[in-house]
Amino acid sequence: MLIVLAAGILLDRGAVALARAPPKYDHVVIVVMENHSFEQITQAGAAPYLQILARNGALFENSHGVAHPSQPNYLALFSGSTHGIRDDGFHEIAAPNLASRLHAAGKAFSGFAEAGSPRKHNPWESFVDAKRVGKSLTRFPRDYARLPAVSLVIPNLSNDMHDGTVMRADAWLKAHLRPYANWALRHNSLLIVTFDEDDYRLENRIFTVFYGARIKPGRYVERIDHYTLLRTIEDIEGTAPLGTTVVRKAVSSVWQGR
């Protein structure tokens, strides 16, 4: 009995040792794609560049959207709540959000939207105090050291898999984000690529990958959702949790030791 107990204690300690707090990154860039399930992106040959990121980064096999349709997922990622919204309509929200939290902490947030990206995909446009953080994607700096602490990148409907094909969106990601992804590996920075929702399956299971410095490549079964992603960003930046993220834990399984 004592031997069994000792073994259990050792296993518990090992589990604790594997759980790490997120590192403090200089820059975090999150890209949100549209309306495809985990299986649609990971099937052989479907999305070659995303699959390269998955092989060399941290791929979450148990990642989920929090709602249908699109807009509530973006609101959850940006503010920790869907605010009871269940549609893609026009809404004006007066509530704390990631941009305001970062600003209060003396840090910067920018939302980079490609021309043609609709309001429902640009969550900062729905918040009274966050409209000023929106920028054209053409202003995404070529000198990545000039990026804000956190950036949200939103392609337009042709390039986010909403209207265009998976291959077109994958090529867009490669053309627009591969230079940053390669830079992030050497400059203490992180790229996150995720989706708003799946193709209306029951589990709402989506593709999410972390790529950059201090990431242990692999496939991870840790269950995450948009609230988990926001809580992870909050812990990286040292800001207070927003909404539902109060009861979420940050991603803990993918970080290399420091």
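Our subject is the structure that appears above.
Run through the pattern of salt bridges, naming residues and quoting values.
Inspection of the entire model under this criterion finds 10 salt bridges. Between Lys-131 and Glu-92 there is a salt bridge; the shortest N-O distance is 3.2 Å. With a gap of 39 residues between them, Lys-131 in the loop between β3 (109-113) and β4 (134-136) and Glu-92 in the loop between α4 (70-79) and α5 (98-104) connect regions that are remote in the sequence. According to the relative accessible area criterion, Lys-131 is partly exposed, its value standing at 37%. Taken together, the shared-partner salt bridges connect Glu-39, Asp-199, Arg-201 and Arg-205 into one network.

Before we move on, can you summarise the side chain of Ser-79 with the specific residues and values?
Examined against the element boundaries, Ser-79 turns out to sit in helix α4. A distance of 3.2 Å separates a polar side-chain atom of Ser-79 from the backbone oxygen of Ser-81. Among the polar contacts listed, one links the side chain of Ser-79 to the side chain of His-83, at a separation of 2.8 Å. Here Ser-79 is in contact with Pro-96, Asn-97, Phe-127, Leu-230, Leu-242 and Gly-243, once residues within four sequence places are set aside.

Any chance you could break down the nonpolar core for me, citing the residues and the numbers?
Counting residues in hydrophobic clusters, the biggest one holds 41 residues, and the most contacted among them are Ile-30, Phe-109, Trp-124, Phe-210 and Val-254. Elements with a minimum of two residues in this core: β1 (27-33), β2 (58-64), α4, α5, β3, β5 (150-154), β6 (189-195) and α7 (226-237). Discounting chain neighbours no more than four positions away, the residues touching Ile-30 are Leu-77, Val-150, Ser-151, Leu-152, Val-153, Ile-192, Thr-194 and Ile-233.

Please give an account of the side chain of Thr-208 that cites residues and values.
Locating Thr-208 in the fold gives a position in strand β7 (residues 205-212). Residue Thr-208 is classed as buried on the basis of its relative accessible area, which comes to 0%. There is a polar contact of 2.7 Å between the side chain of Thr-208 and the side chain of Ser-63. Side chain to side chain, Thr-208 and Thr-194 meet in a polar contact 2.8 Å long.

Which residues make up the packing of helix α3 (residues 48-56) against helix α6 (residues 166-186), and what are the values?
Two numbers describe how α3 lies on α6: the axes approach to 7 Å, and their chain directions differ by 45°. Between α3 and α6, the crossing angle belongs to the class labelled oblique. Seen from α3, the contacting residues are Pro-48, Tyr-49 and Leu-50; seen from α6, they are Met-167, Asp-170, Leu-173, Lys-174, Leu-177, Arg-178 and Ala-181. When grouped by side-chain class, the residues that make up the contact of α3 with α6 number 7 nonpolar, no polar and 3 charged.

Let's hear about the packing of α4 against α7: which residues, and what values?
Look at α4 against α7: their axes get within 7 Å of each other, and the N-to-C directions meet at 25°. When the axes of α4 and α7 are compared, the pair comes out roughly parallel. As α4 packs across α7, the resulting crossing turns out to be right-handed. Across the interface between the two elements, Asn-73, Ala-76, Leu-77, Phe-78 and Ser-79 of α4 pack against His-226, Tyr-227, Leu-229 and Leu-230 of α7. Residues that form the contact of α4 with α7 fall into these classes: 6 nonpolar, 3 polar and no charged.

Report on the pairing of β2, specifying residues and quantitative values.
Across the 7 residues that make up β2, a large majority, 5, are buried. Relative to β7, β2 runs antiparallel, the two being bridged by 5 bridges. The partner of Phe-60 across the bridge, within β7, is Thr-208. In this sheet, strand β9 (residues 224-225) lies alongside β2 in parallel orientation, the contact comprising 2 bridges. Across the sheet, Ser-63 pairs through a bridge with Ile-224, a residue of β9.

If you had to explain the packing of aromatic side chains to someone new, which residues and values would you point to?
Using the criterion set out here, one finds 13 aromatic pairs in the structure. Relative to Trp-183, the ring of Tyr-180 lies with its centre 6.0 Å away and its plane at 35°, an arrangement referred to as tilted. One end of the pair, Tyr-180, and the other, Trp-183, are both in helix α6, 3 residues apart, so they sit about a helical turn from each other. The pair formed by Tyr-180 and Trp-183 is uniform in burial state, with each residue classed as buried. Ring geometry for Phe-210 versus Trp-255: centroids 5.9 Å apart, planes at 40°, classification tilted. Separated by 45 residues along the polypeptide, Phe-210 in strand β7 and Trp-255 in the segment after α7 bring together distant segments of the chain. For the pair formed by Phe-210 and Trp-255, the shared burial category is buried. These aromatic residues form a ring-pair network of at least three members: Tyr-25, Phe-60, Phe-210, Tyr-220 and Trp-255. Sitting above the plane of the Phe-90 ring, Arg-119 keeps its charged end 3.8 Å from the centroid. A cation over an aromatic ring shows up here: Arg-205 above the ring of Phe-38, its NZ or CZ 4.0 Å from the ring centre.

What counts and how
- Residues numbered from 1 in each chain as written.
- Predicted model: local features only at pLDDT ≥ 70, side-chain atom pairs only at ≥ 80, totals over all residues.
- Heavy atoms only, no water.
- Salt bridge = Lys/Arg side-chain N within 4 Å of Asp/Glu carboxyl O.
- Helix = DSSP H or I, 4+ residues; strand = E, 2+ residues; numbered from the N terminus.
- Buried < 20%, exposed > 50% of the residue type's maximum accessible area, 1.4 Å probe, protein only.
- Polar contact = N/O pair within 3.5 Å; in protein donor to acceptor, adjacent residues only side chain to side chain.
- Contact = heavy atoms within 4.5 Å.
- Core = buried A, V, L, I, M, F, W, Y, C linked by side-chain atoms within 4.5 Å.
- Axes fitted to C-alpha atoms, helices over the stretch in contact; angles between N-to-C directions.
- Parallel < 35°, antiparallel > 145°, perpendicular 65-115°, else oblique.
- Nonpolar A, V, L, I, M, F, W, Y, C, P; charged D, E, K, R; others polar.
- Left-handed = near helix turned anticlockwise from the far one by under 90°.
- Pairing = 2+ DSSP bridges.
- Phe/Tyr/Trp six-rings, centres within 6.5 Å; stacked < 30°, edge-to-face > 60°.
- Lys NZ or Arg CZ within 6 Å of the ring centre and 35° of its normal.

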